[in-house]
Amino acid sequence: MSSLTYAQRSQLHTNPAAKRLLAIIEHKRSNLCVSVDVTKKETLLSIVDAVGPYVCLVKTHIDIVEDFDHELITRLQELSQKHEFLLFEDRKFADIGNTVALQYSQGVHKIAKWSHITNAHPVPGPGIISGLASVGLPLGRGLLLLAEMSSQGSLATGSYTQDAIEMARSHRDFVIGFIAMNRDNIQKPGAASDTNEDFLILTPGVGLDSRGDSMGQQYKTPREVILERRCDIIIVGRGIYGRGDNVDVRTAQQQAKRYQQAGWSAYLERLGTMPSS
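What comes next concerns the included structure. (Residues numbered from 1 in each chain as written. Predicted model: local features only at pLDDT ≥ 70, side-chain atom pairs only at ≥ 80, totals over all residues. Heavy atoms only, no water.)

A short note on the packing of helix α3 (residues 41–51) against helix α11 (residues 249–271)
- With their axes 8 Å apart at the nearest point, α3 and α11 run at an angle of 40 degrees to one another. As the angle between them shows, α3 and α11 are arranged oblique. For the crossing formed where α3 meets α11, the hand is right-handed. Here α3 contributes Ser46, Ala50 and Val51 to the contact with α11, which in turn contributes Val249, Ala252, Gln253 and Ala256.
- Considering only residue class, the contact of α3 with α11 consists of five nonpolar, two polar and no charged. (Axes fitted to C-alpha atoms, helices over the stretch in contact; angles between N-to-C directions. Helix = DSSP H or I, 4+ residues; strand = E, 2+ residues; numbered from the N terminus. Parallel < 35°, antiparallel > 145°, perpendicular 65-115°, else oblique. Left-handed = near helix turned anticlockwise from the far one by under 90°. Contact = heavy atoms within 4.5 Å. Nonpolar A, V, L, I, M, F, W, Y, C, P; charged D, E, K, R; others polar.)

Next comes the structure, spelled out in structure tokens:
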């Protein structure tokens, strides 16, 4: 599937969120997701507005926003329409089906009402997917499973990853892909699954200027992720807007454009439509 264009893959998906995301990627020539992990509402919105023209997806941790209110959600939705990107709440659900259904639909944040995509740990078993799907499917939402993580010492490897894949295959109407570090760990090149099914692979831990941090994060370049590891979307956070809530919006915008170009160039190289540098 990694040999097809994003536009071609959009036609193969039945899930509305996946179809729309792939169409946006192709239209905007961007496979960049920006992870906006800041604690102040206005900072979050200023970053999203600045990077919006260069991204296909904005990832939030809405529960870390100290001054959260529902105006924030309204404004995020407006920016999503203004700049044409989808919203991805990085909730990492990890409980039994009934509980996650309530966490997804109710409470303060009401994630299912506004987030096009969310994610979950497969550790509770397939019931977590059924619970989330009972809420998200009628709304046209999509789910990502955490098959691998970018942090040093992650336990999401080997049989854990394979079990996540099998769970996804049993819920292909709602599970649209994985958080993972390498497509070869999800779909082997040339295997029947590589041609008969299409899961999106979103990869965190991407950086152009750093190889890691003091808390175990390990960074790969956009070229490593998109070309060499055949993943689909790069997730970048601090590499674009820095640390803390004192953000230079102009710098964030410049960095977003830089990562967009790097990710797209790697994709074109993967397709064989541009020479290797």
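Considerations on the environment of Pro126
- As for its placement among the helices and strands, Pro126 is situated in the loop between β4 (117–120) and α6 (127–136).
- Between the alpha carbons of Pro126 and Asp163 there is a distance of 9.9 Å; along the sequence they are 37 residues apart.
- Not counting chain neighbours up to four residues away, the residues in contact with Pro126 comprise Met167 and His171.

With respect to the pattern of salt bridges
- Overall, the coordinates contain 19 salt bridges when judged by the stated rule.
- Notably, a salt bridge pairs Arg9 with Asp232, separated by 2.6 Å at the nearest N-O pair. Here Arg9, found in helix α1 (residues 6–12), pairs with Asp232, found in the loop between α9 (222–228) and β8 (233–236); they are 223 residues apart in sequence, far enough to count as distant.
- For Asp232, a relative accessible area of 0% gives the class buried.
- For the salt bridge of Lys41 with Glu71, the shortest nitrogen-to-oxygen distance reads 2.4 Å. With Lys41 in helix α3 and Glu71 in helix α4 (residues 70–83), this pair connects stretches of sequence that are 30 residues apart.
- When its relative accessible area of 43% is taken as the criterion, Glu71 is described as partly exposed.
- Beyond isolated ion pairs, a larger network of salt bridges with shared partners links Arg9, Arg183, Asp198, Asp232 and Arg270. (Salt bridge = Lys/Arg side-chain N within 4 Å of Asp/Glu carboxyl O. Buried < 20%, exposed > 50% of the residue type's maximum accessible area, 1.4 Å probe, protein only.)

Regarding the sheet that holds strand β7 (residues 200–203)
- One closed barrel holds the eight strands; their spatial order is β1-β2-β3-β4-β5-β6-β7-β8, and the pairing between them is parallel. Neighbouring strand axes in the sheet, compared pairwise and without regard to direction, differ in orientation by 30 degrees on average.
- Note that strand β1 (residues 32–36) and β8 share three bridges and pair parallel. Paired with Val34 across the bridge in β8 is Val236. (Pairing = 2+ DSSP bridges.)

Comments concerning the packing of helix α5 (residues 97–105) against α6
- Where α5 contacts α6, the two axes come as close as 7 Å, and the packing angle between them is 35 degrees. The handedness of the crossing between α5 and α6 is right-handed. Two secondary-structure elements touch here, α5 through Gly97, Val100, Ala101, Tyr104 and Ser105 and α6 through Gly127, Ile128, Gly131, Leu132, Ser134, Val135 and Gly136.
- Taken together, the residues that form the contact of α5 with α6 break down as six nonpolar, six polar and no charged.

Comments concerning unusual backbone geometry
- In this model, Lys110 sits at a positive phi of 45 degrees, which is unusual for a non-glycine residue.
- Among the structural elements, Lys110 can be located in the loop between α5 and β4.
- Look at Lys110 and you get partly exposed, because its relative accessible area is 27%.
- If you check the backbone angles, Arg230 has positive phi at about 60 degrees while not being a glycine.
- Its location among the elements puts Arg230 in the loop between α9 and β8.
- Its relative accessible area of 12% is what places Arg230 among the buried residues.

Focus: α4
- The terminal C-alpha atoms of α4, which comprises 14 residues, lie 20 Å apart, in line with the 20 Å expected from a rise of 1.5 Å per residue.
- The set of residues buried in α4 consists of Leu72, Ile73, Leu76, Leu79, Ser80 and His83. Buried positions in α4, seen along its axis, are confined to an arc of 125 degrees and lie on one side of it. Away from its buried face by more than 90 degrees, α4 exposes Gln81 and Lys82.
- Where α4 begins, the capping side chain belongs to Asp69, and its oxygen is found 3.2 Å from the backbone nitrogen of Glu71. (Expected span 1.5 Å × (residues − 1). Arc of directions from axis to C-beta. Polar contact = N/O pair within 3.5 Å; in protein donor to acceptor, adjacent residues only side chain to side chain.)

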